[in-house]
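# Structural features, examined
Here's the letter readout for the chains.
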Amino acid sequence: MRWRSVVLGLVVLRLGLHALLWLLSGLAPGLGLRFPWALPPPSRWLGRAEAESGFAPTAGRCWGPHWAALRGRNGGGGEYEQRYSGAFPGPLRAQLRDAARGMFAFGYDGYMHHAFPHDELDPIHCRGRGPDRRDPSNLNINDVLGNYSLTLIDALDTLAVMGNSSEFQKAVKLVIDTVSFDKDSTVQVFEATIRILGSLLSAHIIITDTKQPFGDMAIKDYDNELLHMARDLAVRLLPAFENTKTGIPYPRVNLKNGVPPDSNNETCTAGAGSLLVEFGMLSRLLGDSTFEWVARRAVKALWNLRSNDTGLLGNVVNIQTGHWVGKQSGLGAGSDSFYEYLLKSYILFGEKEDLEMFNDAYRSIQNHLRRGREACNEGEGDPPLYVNVNMFNGQLMNTWIDSLQAFFPGLQVLKGDVEDAICLHAFYYAIWKRYGALPERYNWQLQAPDVPFYPLRPELVESTYLLYQATKNPFYLHVGMDILESLEKYTKAKCGYATLHHVVEKSKEDRMESFFLSETCKYLYLLFDEENPVHKSGNKYLFTTEGHIVSVDKRFRDSVWQDIFPEEEEKNAPKLKPNEVKAVNLSSNCNRVPDERRYLLPLKSIYMRQIDQMVGLI
Ligand code: DMJ
């Protein structure tokens, strides 16, 4: 009932805002900006050779009536200022925070009532879902669902972040009492690590935090059970790192029997190279270097396979031969969290080699993947965009970008490159505005989805949240409001929130992935919850790639072992001292947008309009 009135309130407020904007644009048509240049077709992102070789621009798009209000009546640029700039009303913000909380509660309760102890909720048929035993080749399901109450585990720290101590305590006890990893399930090492291991460690850190910033999250008679469970799971994943000639792990492991005999020797860069945050934390909490050692060895092996010419990595590699099977270098599927974890490992553990790798990789990305004008907010040319290229020569491989790449502006914020983050984020937001979701793959040349589903992914709201923390620009609250509104409108199902099967037709699929609760709802909530302990100075949290919070503190910087790679050069590698830890809550270590721009648009309206045109919004 309360939830209904919150939604109703939101809709009324939103209608009021739109009516006001409509009135303003009607009364003052001259407010619209004039544009000095006609926009070029998107092919300007291509080099000449690429344009001549068949990547020709194609027209064809349609207007969704849902977005008509955005355009205003005169189609000018003034409506961007009218809609987005100025202070964001406090009460509206509080309502949106409550709406995000309600969204999480609906999904979580739906899972607990209809699906637990299964891994996921089928939100349309209101039932649980586990591994697909009948079809072991159904990797979309079996890689993730291990028959270990995935959604419950993945949601733990969101309960804490939302201050729900009674449910957090109940959920932790349920996990301790009912979950076992002694299962005949073949899962992807990466998925089990980021969703399960990461969540167990995050909850363990929250429970054992002497300051208890989220309220009373302590568990009576807690005896490090979650840490022991994390270790048990990690030990079951270790066979993936054996019998590999390169040190790059097998992609999948059976939790009872180790690597299956018919196992694939090919793995993606992100899957093999984004295990260091969780494995490193586990090692440092246990004082056992094994886990960090194998994860670090995998990162280094991948890193050493980068192209000598471009410095880029591909997306699929053979773990025995070290040959690149997938030569595509991009920032989305297959690559994304590899880059993310170089920087996050450095932030957490302070090993300078991680930062050096990240900085080198970032430079190569800027040199070879980035297209468009040099500066985000000035000059002429197309908006910056990061494309998919061949790792060996930097040539464009296709004309799509994927939904996962929307995380990158958030990583750029962490790196301190806020200005560039603003532009890439704006591009993804424009796609969201057009469809009310992000298609899994969007073809920027055809201005249409190549792969049209949207499984409730968090990446855009994650970047939105991080950009808001860095700039405090209310524009990002408007973006969050749009995201919340369309999730509510298009993905809500009988018992939870459902994957969009097709972002144009808005048809649904009966699946609610666990990251909807661990990430999408969490970032939405945090975006609107100014007072959250995560944002308080003195608390320094880092988000894992699955959105789990972990505190950046001394115990992760003091490893009890001397050096797990005792070669000469590494022995001499400098390490940050604990007091050199830079703030990760984004308040001090980045190139911040100046205060005088706080209430202006983060991106000039002519550039916003340019992007909207390029994605076929106007
Ligand atoms: C999540 O499991 C993580 O965010 C991962 O890094 C990428 N894929 C999903 C969300 O889209």
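The model shown is predicted, which means the values in this text are computed figures rather than measured ones.

## Brief notes about the UniProt feature "active site" (unreviewed entry) in the protein
Summarizing the sequence annotation, UniProt attributes the feature "active site" (unreviewed entry) to Glu191, Asp336, Glu440 and Glu459 in the numbering used throughout. Along the polypeptide, Asp336 turns up in helix 14 (residues 336-349). Exposure remark for Asp336: the relative accessible area of 12% places this residue in the buried category. Summarising the element assignment, Glu440 is placed in the loop between helix 17 (418-435) and strand 13 (441-443). In contact with Glu440, not counting residues within four places along its chain, are Ile401, Asp402, Ser403, Val451, Phe453, Pro455 and Arg457.

## Quick notes on the state of the cysteines
Under the defined criterion, the tally for this structure stands at two disulfides. Paired by a disulfide, Cys126 and Cys495 hold their sulfur atoms 1.9 Å apart. Taking the sign of the S-S torsion, 80° for the link of Cys126 and Cys495, the bridge is right-handed. One end of the pair, Cys126, is in the loop between strand 1 (120-122) and strand 2 (127-129); the other, Cys495, is in the loop between helix 19 (475-491) and strand 15 (499-502), with 369 residues separating them in the sequence. By the burial criterion, Cys126 is buried, and Cys495 matches it. Sulfur-sulfur distance for the disulfide between Cys376 and Cys423 comes to 2.2 Å. What sets the handedness of the Cys376 and Cys423 disulfide is the S-S torsion sign, and at about 95° it is right-handed. Of this pair, Cys376 sits in the loop between strand 9 (370-371) and strand 10 (385-386) while Cys423 is found in helix 17, placing the two residues 47 residues apart along the sequence. In terms of burial, Cys376 and Cys423 fall into one category: buried.

## A short note on the UniProt feature "binding site: Ca(2+)" (unreviewed entry) in the protein
Taking the UniProt record as the reference, the feature "binding site: Ca(2+)" (unreviewed entry) is found at Thr545. With respect to the helices and strands, Thr545 occurs in the loop between strand 17 (541-543) and strand 18 (549-551). If near-sequence neighbours (up to four positions away) are discounted, Thr545 is found in contact with Ile194, Ser337, Glu340, Tyr341 and Glu519. Polar contacts involving the side chain of Thr545 include one to the side chain of Glu340, which spans 2.9 Å.

## What about the sheet that holds strand 7 (residues 324-326)?
Taken in spatial order, the three strands of this open sheet run 5-6-7, and their pairing is antiparallel. Strands at the two margins of the open sheet, each flanked by one partner only, are strand 5 (266-268) and strand 7. Strand-to-strand twist in this sheet, taken as the mean axis angle between neighbours without regard to direction, amounts to 35°. Pairing between strand 5 and strand 6 (residues 316-318): three bridges, direction antiparallel. Pairing of Glu266 across the sheet is with Asn318, part of strand 6.

## A short note on the pairing of strand 15
Judged from the three bridges that link them, strand 15 and strand 16 (residues 507-509) form a sheet pairing that is antiparallel. Across the sheet, residue Thr499 finds its bridge partner in strand 16, namely Glu509. Between the end of strand 15 and the start of strand 16, which pair antiparallel, lie four residues, with Lys506 showing a positive phi angle near 65°.

## Quick word on the environment of Tyr339
Among the structural elements, Tyr339 can be located in helix 14. Accessibility expressed as a relative area gives 3% for Tyr339, which makes it buried. When the C-alpha atoms of Tyr339 and Tyr362 are compared, they prove to be 8.1 Å apart, with 23 residues separating the residues in sequence. Aside from chain neighbours lying at most four places away, what touches Tyr339 is Leu313, Ser329, Gly330, Leu331, Phe358, Ala361, Ile365 and Leu411.

## Topic: unusual backbone geometry
Residue Pro117 follows Phe116 across a cis peptide bond; omega there is 10°. Tracing the backbone shows Pro117 in the loop between helix 5 (90-114) and strand 1. Despite not being glycine, Leu456 shows a phi value in the positive range, around 70°. The backbone of Lys506 shows a phi angle near 65°, a positive value even though the residue is not glycine. Given the relative accessible area of 24%, Lys506 is considered partly exposed.

## Description of the layout of surface pockets
Space inside the second largest pocket adds up to approximately 430 Å³. What lines the second largest pocket is a set of 21 residues, among which Pro136, Thr186, Arg252, Asn254 and Pro260 lie closest to the centre. Looking at the lining of the second largest pocket, the elements with two or more residues in it are helix 6 (139-142) and strand 4 (252-254).

## Details of the confidence of the model for the protein
Summing up the model confidence of the protein, the mean pLDDT is 87 and the portion of residues at 70 or higher is 82%. Scored below 50 in pLDDT, residues 15-43 shows 39 contacts in the model against residues more than four places distant or in partner chains. Counting contacts from residues 52-76, a segment whose pLDDT is below 50, to residues more than four positions away or on other chains yields 56 contacts.

## Remarks on helix 8 (residues 165-178)
Its 14 residues give helix 8 an end-to-end C-alpha distance of 20 Å, which sits within 8% of 20 Å, the value for a rise of 1.5 Å per residue. For helix 8, the full list of buried residues reads Glu167, Phe168, Gln169, Ala171, Val172 and Val175. Buried-residue contacts for helix 8 involve helix 5, helix 7 (150-161), helix 9 (189-208) and helix 10 (225-237).

## Thoughts on the pairing of strand 14 (residues 448-451)
Strand residues, when the strand is regular, have side chains that alternate between the two faces of the sheet. The sheet contact formed by strand 13 and strand 14 spans three bridges and is antiparallel. Bridging across to strand 14, Asn443 finds its partner in Ala448. The antiparallel pairing of strand 13 with strand 14 creates a hairpin that spans four residues between the two strands, and Gln447 there sits at a positive phi of about 55°.

Criteria and thresholds
- Residue positions within a chain follow its written sequence, with the count starting from 1.
- Owing to the predicted nature of the model, reporting of local features is limited to residues with pLDDT of at least 70; listing and counting of side-chain atom pairs is limited to 80 or more, with chain, interface and lining totals taken over all residues.
- Excluding hydrogens and water, the side-chain values take into account all heavy atoms of the structure.
- UniProt positions are given in the numbering used here, feature names are shortened, and annotations may be inferred rather than shown by experiment.
- Going along the chain from the N terminus, every DSSP run of H or I of four or more residues is numbered as a helix, and every run of E of two or more is numbered as a strand.
- Classification of residues uses two cut-offs on accessible area relative to the type maximum, computed with a 1.4 Å probe and protein chains only: under 20% is buried, over 50% is exposed, and between them is partly exposed.
- Residues count as neighbours in contact if any of their non-hydrogen atoms are within 4.5 Å of one another.
- Disulfides are defined in this document as cysteine sulfur pairs within 2.5 Å.
- Polar contacts here mean pairs of N or O atoms no more than 3.5 Å apart (in protein, one a potential hydrogen donor and the other a potential acceptor; neighbouring residues in sequence count only if both atoms are side-chain atoms).
- Whether two strands pair depends on DSSP finding at least two bridges between them.
- Axes here mean lines fitted to C-alpha atoms, for a helix over just the part in contact, with angles spanning 0 to 180 degrees between N-to-C directions.
- Put plainly, a pocket is an open set of points on a 1 Å grid over the protein atoms alone with protein on both sides within 12 Å along at least five of seven lines, a cavity is a set where a 1.4 Å probe fits but cannot get out, and a lining residue has an atom within 4 Å of a point.
- Grid points are joined across faces, edges and corners, and a volume is the space filled by probe spheres set on the points.
- A score between 0 and 100, pLDDT records how confident the predictor is in each residue.
- In a helix, the anticipated span is given by 1.5 Å times the number of residues less one.

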